[in-house]
Amino acid sequence: MTVTLNNIVDQIKQSTDYQINRRLLREKIQTDLHFSYNNGLFKSTPELISFVTSWPYKELFLEDTYQNPILIKKLEFLNLAIQHYQTQMNLWHTQYEQIKRIRKI
Amino acid sequence: MNKSNELEKSKGVVLFAFNSDTVDYVKIADTASKLIRNYLKLPITLITDNAATPKFEYDRVIKVDVKDGNYRLDKQNNLIKWRNFDRYSVYDLSPYDETLLLDTDYLVMDNSLLRLFEQPFDYRLQYRMQTPTGISEEEMGPASLPLIWATVVLFRKTPKSRLFFNLVKRIQQNYGYYKVLYNMRDQSYRNDHAFSIANIILNGYSIDKHTSIPWPMLTVKDDIKSLSIKNNLLVIRTHEQAIVTIQQDLHIMDKEYLQTDECKNFVKELCNE
């Protein structure tokens, strides 16, 4: 009886916390949304993509994560940012669905 | 070799491992190096002492005399030897133009660190750390300055980096003074503290985010029961809980686990050996 009870306690201790897993996954995706371009480091966000899309000229200077002004070729940068954003968001979705399924292990 | 290769700067990883009475850091370095080679594909140099017999095929092993004299408390509150002096010597000892200095308890499980090489910088340090319970913002002591982690350090051989490591050396040599000045909690010499202070001084007594790695380092402070990969997810089991997350670099405080065959097998599995 005691052995069984101890096993149950052990198993409960080994259960996983969905909220922690969800937060850690989000944090990692935030890391992986960063990409390098022309010696700068950028985080691909909807705001960044929208801003660059709406820019009327072929080139612009953008502030990167390290607060340096980086020369951007609009189309080249946009392709990279969108591609990177899509890859990471797809990954986030896939992993999120898996984590949801294993709320308790 | 063509001209473009000649001009290309050399990149590599440097690890320090000095065995203590209780921890086989060289064995841990051997395990960590398999992951580094697998995920970063960079040459690895081990800096160790004359007594060490590393099993991993490092690109270079540099043997140095290491100073004793530092101690720390282990989990059972026993005073144990801690051979962590002279980390500043990496600037002169590293054979690479661009060096990634890693602690041996940092398990590389993806290539995210490679992105950092592509920007202009003198050195980069790990400002933020997260544990499963959240982002941890530690200070060096009560009413002191933020703690920066020396677990992951990236540097280029530039005058500013040289100044940085010279400052670390000066702080190590005058640690008693700096310990009081910065109101540090820990009595033992910690590279994290020396690197934090040097960084603050070098940036005009301020915290400059330009020298930071822009993402947090995932750290598990609890004792590890097991690590595994299930359905492409990393499962970290401690004695209290299981954490399921996307595969990523992991800083493990539990040195005992890092020395086990179980850890070695986990690494072998990850590297498809």
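Just so we're clear, the structure is a prediction, and the values are computed from it rather than from any experiment.

What counts, and at which threshold
- Within any chain, residue numbers begin from 1 and follow the written order of that chain's sequence.
- Chain labels run from A onward and ligand labels from 1 onward, assigned in the order the entries are written.
- Since the coordinates come from a predicted model, pLDDT governs what is reported: local features require at least 70, and pairs of side-chain atoms require 80 or more to be given and counted, while whole-chain, interface and lining totals use all residues.
- Angular values range over 0 to 180 degrees, each being the angle between N-to-C directions of two axes fitted as lines to C-alpha atoms, with helices fitted over their stretch in contact.
- Runs of H or I in DSSP of at least four residues are treated as helices and runs of E of at least two as strands, each being numbered from the N terminus.
- Note on terminology: angles under 35 degrees are roughly parallel, angles over 145 are roughly antiparallel, angles of 65 to 115 are roughly perpendicular, and the others are oblique.
- By the definition used in this description, the sense in which the near helix is turned from the far one sets the handedness, with an anticlockwise turn below a right angle giving left-handed and a clockwise turn giving right-handed.
- For every residue pair, C-beta atoms are placed from the backbone, and the pair is scored as a contact if these atoms sit within 7 Å.
- Side-chain classes are defined by residue name, with Ala, Val, Leu, Ile, Met, Phe, Trp, Tyr, Cys and Pro counting as nonpolar, Asp, Glu, Lys and Arg as charged, and the others, Gly among them, as polar.

What follows is about the packing of helix α3 (residues 46-54) of chain A against helix α4 (residues 74-101) of chain A. All names here are of chain A. At a minimum axis distance of 10 Å, the contact between α3 and α4 shows a crossing angle of 155 degrees. Considered as vectors, α3 and α4 are oriented roughly antiparallel to each other. Where α3 crosses over α4, the handedness of that crossing is left-handed. Packed against α3, whose contacting residues are L48, I49, V52 and T53, the element α4 presents K74, F77, L78, A81, I82 and Y85 at the interface. Classifying every residue of the contact of α3 with α4 gives eight nonpolar, one polar and one charged.

The next point concerns unusual backbone geometry. Although it is not a glycine, N39 of chain A adopts a positive phi angle of roughly 70 degrees. With respect to the helices and strands, the residue N39 of chain A is situated in the loop between β1 (34-37) and β2 (40-43).

Another aspect to go through is the interface of chain A and chain B. The interface is formed by 25 residues belonging to chain A together with 24 residues belonging to chain B. Among the elements of the structure, α2 (18-32), β1, β2 and α4 of chain A are those that each provide at least two residues to the side of chain A that touches chain B. Ranked by residues supplied to the side of chain A that touches chain B, first place goes to α2 of chain A with eight residues. In the side of chain A that touches chain B, the residues fall into eight nonpolar, twelve polar and five charged.

By themselves, these figures tell us nothing about what the structure is for.
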